[in-house]
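Observations on chain architecture
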Amino acid sequence: MIKYNIICKECDLNFDSWFASSKDFEKLKSKKLLNCHKCNSLNVEKNLMAPKLIRNKPDNDLKKELKKHSVIKNKIKDYQKFIKNNFEYVGKNFTYEARSIHYNEKKKEKGIYGTASLKDLKELKEEGIDTQVLPWVEDKNN
Ligand SMILES: [Zn+2]
């Protein structure tokens, strides 16, 4: 036996009803044997009770989910540290700097990193200049 909370779409009545199975519910409904206790309307549905489902989600899952995010965030931060130590920050001049290195064969000890629009990156790629797009986390502590 399974208990469903039924909601009437006509008069908004909420009532509990027992069924042999979830298939039983569908069967009764298709045979038009399921109607509202108050207005007899056949326009009734299983109440999905979404807030209850959310409340029943184990807290551990949520904690794991958050932990996973912070692990990824830390990895990105480690990577950022590596980039900051080994690359020269050129900010919005990235496209210009990347071109000048490429065309002038200007020797730089460090690689460069900075910001560029997707359009700029596409143009650089068409000119044969390789770029890497990195996920970046703003460090609010600095
Ligand atoms: Zn009703």
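Up top is the structure these notes are about.
Calculation criteria
- Residues numbered from 1 in each chain as written.
- Predicted model: local features only at pLDDT ≥ 70, side-chain atom pairs only at ≥ 80, totals over all residues.
- Buried ≥ 20, exposed ≤ 12 C-beta atoms within 10 Å, placed from the backbone.
- Helix = DSSP H or I, 4+ residues; strand = E, 2+ residues; numbered from the N terminus.
- Arc of directions from axis to C-beta.
- Contact = placed C-beta atoms within 7 Å.
- Expected span 1.5 Å × (residues − 1).
- Pairing = 2+ DSSP bridges.
- Axes fitted to C-alpha atoms, helices over the stretch in contact; angles between N-to-C directions.

So, helix H4 (residues 94-104)
Those residues of H4 that sit buried are Phe94, Thr95 and Ala98. Each buried residue of H4 sits inside an arc of 100° when the element is viewed along its axis, so together they form one side. Opposite the buried face of H4, at more than 90 degrees from it, the exposed residues are Tyr103 and Asn104. In this structure, the buried residues of H4 make contact with strand E4 (87-91), strand E5 (111-114) and helix H5 (118-126).

Brief notes about helix H3 (residues 59-86)
For an α-helix, 3.6 residues make a turn, and residues three or four places apart therefore share a direction. For H3, with 28 residues, the first-to-last C-alpha span of 41 Å sits near the 40 Å given by 1.5 Å per residue. Of all 28 residues in H3, zero are buried; the element is thus mostly exposed.

A word on the sheet that holds strand E1 (residues 2-8)
The strand order E2-E1-E3 describes an open sheet built from three strands, whose pairing is antiparallel. In this open sheet, the two strands that pair with only one neighbour each are strand E2 (14-19) and strand E3 (44-46). Between one strand and the next, the sheet's axes are offset by a mean angle of 40°, whatever the strand orientation. One ladder, built from three bridges, connects E1 with E3; its direction is antiparallel. By the bridge assignment for E3, Cys8 is matched with Val44.

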